[in-house]
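Observations on chain architecture
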Amino acid sequence: MTDDAPELRASDADRERVAEVLRDAVAEGRLDMAEFEERLDATYRARTYGELAPITRDLPVAGVTAPSVPLTRDQAGGGSWADRIVGGEGTSRAAVAVMSGFQRKGRWTVPRAFTCFAFWGGGELDLREADFAAGEVRINCVMIMGGMNIVVPPGVEVEVRGFGLMGGFDHSEEGVPGDPGAPRVIVSGFAFWGGVGVERKLPRAERKRLKEERRQERLERRTERGELED
């Protein structure tokens, strides 16, 4: 299977691999039955790798290699991975919250090393539309009775090295292979009575596109059912 030709026709075996990922996701509670049925229907109607890839892009694929293609400019949050590793110093190098909060989201440049500190506070780093100063960046988190959340897009590899005392670091996104050329994010630091969460979400533009696709598919099915009833 090729990763650089989304226009190539998918095989029955390719569709079955994606269907198996969906079955695992609904069994784990990641999808409800309505969304499972919608995605399964889209899987069996898909004709190319490019049509199959978005169906499982927001799901972990443990033990199964599903068809995938490199993220497009919109899917990667505003640029291809090569375009988004821009060098330089980064937009900012630190964020501090003392009985308050911080947030970094939208288009910003993640430096090679970014430090977050929170005391009785918290924050969010959203990397879905961010550029990166290097192919590997480190986010060092110090949480004292505080917490934060890091949001990464699909395709980014995550490694968590943080230590928690009466607190913890989320390791759920580790082990998911990164896309070729995508950045690697290392999350390190210390949490005392606090925590650091890591979650993987599609960029907003891609989520909106998929939502619209599902809406159109529902309308088409309703139209087909109406024609059959007539």
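Up top you'll find the structure we're talking about.
Let me begin by describing the structure that accompanies this report. (Residues numbered from 1 in each chain as written. Predicted model: local features only at pLDDT ≥ 70, side-chain atom pairs only at ≥ 80, totals over all residues. Heavy atoms only, no water.)

With respect to the overall build of the chain
Cut-off, in case you're wondering: Going along the chain from the N terminus, every DSSP run of H or I of four or more residues is numbered as a helix, and every run of E of two or more is numbered as a strand. For each residue, the accessible area found with a 1.4 Å probe, counting protein chains only, is set against the maximum for its type, and the residue is called buried under 20%, exposed over 50%, and partly exposed in between. In this description, contact between two residues means that some pair of their heavy atoms is separated by no more than 4.5 Å. Reported accessibility uses the Shrake-Rupley method at a 1.4 Å probe radius. Residues are deemed covered only where the shown protein chains occlude them.
For the chain, the helix and strand inventory stands at 5 helices and 13 strands. A burial count over the chain gives 43% of its 230 residues as buried. Sequence-distant contacts, at least 24 apart, represent 66% of the contacts inside the chain between residues at least 6 apart. Accessible area of the chain: about 11700 Å², with a carbon and sulfur share of 52%.

Some details on the nonpolar core
For the record, the criterion: Residue types Ala, Val, Leu, Ile, Met, Phe, Trp, Tyr and Cys, when buried and joined through side-chain atoms within 4.5 Å, form a set referred to as a nonpolar core.
Formed by 30 residues in total, the largest nonpolar core has its most connected members in L125, L127, C141, M148, I150 and V187. Put simply, the parts of the chain that give this core at least two residues each are β1 (94-98), β4 (113-119), β7 (136-144), β8 (147-152), β9 (157-160), β12 (184-192) and β13 (195-200). Top element by residues in this core is β7. It accounts for 4 residues. Setting aside residues up to four positions removed in sequence, V187 forms contacts with I139, C141, I150, E159, V160, R161, G162, F169, V196 and V198. Residues A19, V21, L31 and L52 belong to the second largest nonpolar core, which totals 15 residues.

Examining the pattern of salt bridges
Once their charged atoms are close, side chains differing in charge can pair, the charge on each being opposite to the other. To keep things clear, this is the line we draw: Between Lys or Arg on one side and Asp or Glu on the other, a salt bridge is scored when a side-chain nitrogen of the former is within 4 Å of a carboxyl oxygen of the latter.
Tallied over the entire structure, the rule returns 13 salt bridges. A salt bridge links R23 to E20; its shortest N-O distance comes to 3.4 Å. Highlighted residues: R23 and E20, both in helix α1 (residues 12-27), separated by 3 residues, approximately one helical turn. In this structure, E159 and R184 form a salt bridge, with 2.0 Å as the shortest nitrogen-oxygen distance. With a gap of 25 residues between them, E159 in strand β9 and R184 in strand β12 connect regions that are remote in the sequence.

What about the packing of α1 against helix α2 (residues 33-45)?
Under the convention used in this document: Convention adopted: a line fitted to C-alpha atoms gives each axis, helices being fitted over their contacting stretch, and angles between N-to-C directions are expressed from 0 to 180 degrees. Here roughly perpendicular refers to angles of 65 to 115 degrees, roughly parallel to angles under 35, roughly antiparallel to angles over 145, and oblique to all remaining angles. Under the scheme applied here, ten amino acids are nonpolar (Ala, Val, Leu, Ile, Met, Phe, Trp, Tyr, Cys and Pro), four are charged (Asp, Glu, Lys and Arg), and all others, including Gly, are polar.
At a closest axis distance of 10 Å, the pairing of α1 and α2 adopts a crossing angle of 175°. Overall, the two elements α1 and α2 adopt an arrangement that is roughly antiparallel. In this structure, α1 contributes R15, E16, V18, A19, L22, R23 and V26 to the contact, and α2 contributes M33, F36, R39, L40, T43 and Y44. For the contact of α1 with α2, the class distribution of residues is 8 nonpolar, 1 polar and 4 charged.

Re α1
Residue pairs spaced three or four apart in an α-helix point in one direction, given the helix's 3.6 residues per turn. Selection criterion: To estimate the expected span of a helix, count its residues, drop one, and scale the result by 1.5 Å.
End to end, α1 covers 23 Å across 16 residues, agreeing with the expected 22 Å (1.5 Å per residue, within 8%). Buried residues along α1 sit against α2 and α3 (49-52).

Comments concerning the side chain of E159
Going by this rule: Pairs of N or O atoms are called polar contacts if they sit within 3.5 Å, as long as, within protein, a hydrogen donor faces a hydrogen acceptor (for residues adjacent in sequence, only side-chain-to-side-chain pairs).
Within the local environment of E159, its side chain forms a polar contact with the side chain of R161, the two groups lying 2.7 Å apart. Setting aside its immediate chain neighbours within four residues, E159 contacts E174, R184, V185, I186 and V187.

Some details on the pairing of β13
We apply this condition: At least two bridges found by DSSP between two strands is the condition for calling them paired.
As paired strands, β8 and β13 are joined by 6 bridges and run parallel to one another. Looking at β13, one finds that V152 is bridged to R200. Pairing of strand β11 (residues 168-169) with β13 involves 2 bridges; the strand directions are parallel. For G168, the partnering residue across the bridge sits in β13 and is G195.

A word on the packing of aromatic side chains
The line we're drawing: Each aromatic pair joins two rings of Phe, Tyr and Trp (for Trp, the six-membered one) with centres within 6.5 Å, and gets the label stacked for planes under 30 degrees apart, edge-to-face for over 60, and tilted for any other angle.
This model, assessed by the stated rule, comprises 4 aromatic pairs. When the centroid spacing of 5.7 Å and the interplanar angle of 70° are considered together, the rings of W108 and F114 count as edge-to-face. Here W108 and F114 have matching classes, each one buried. Where F192 meets W193, the ring centres are 5.6 Å apart and the plane angle is 5°; that geometry is what we call stacked.

Comments concerning the state of the cysteines
Heads up, the condition is: Two cysteine sulfurs form a disulfide in these notes if their separation is within 2.5 Å.
If you walk through the whole model with that rule in mind, you get 0 disulfides. Between C116, a cysteine without a disulfide, and C141, which holds the nearest cysteine sulfur, the sulfur-to-sulfur distance is 4.8 Å. The class for C116 is buried, based on a relative accessible area of 0%. Looking at C141, the relative accessible area reads 0%, which means it is buried.

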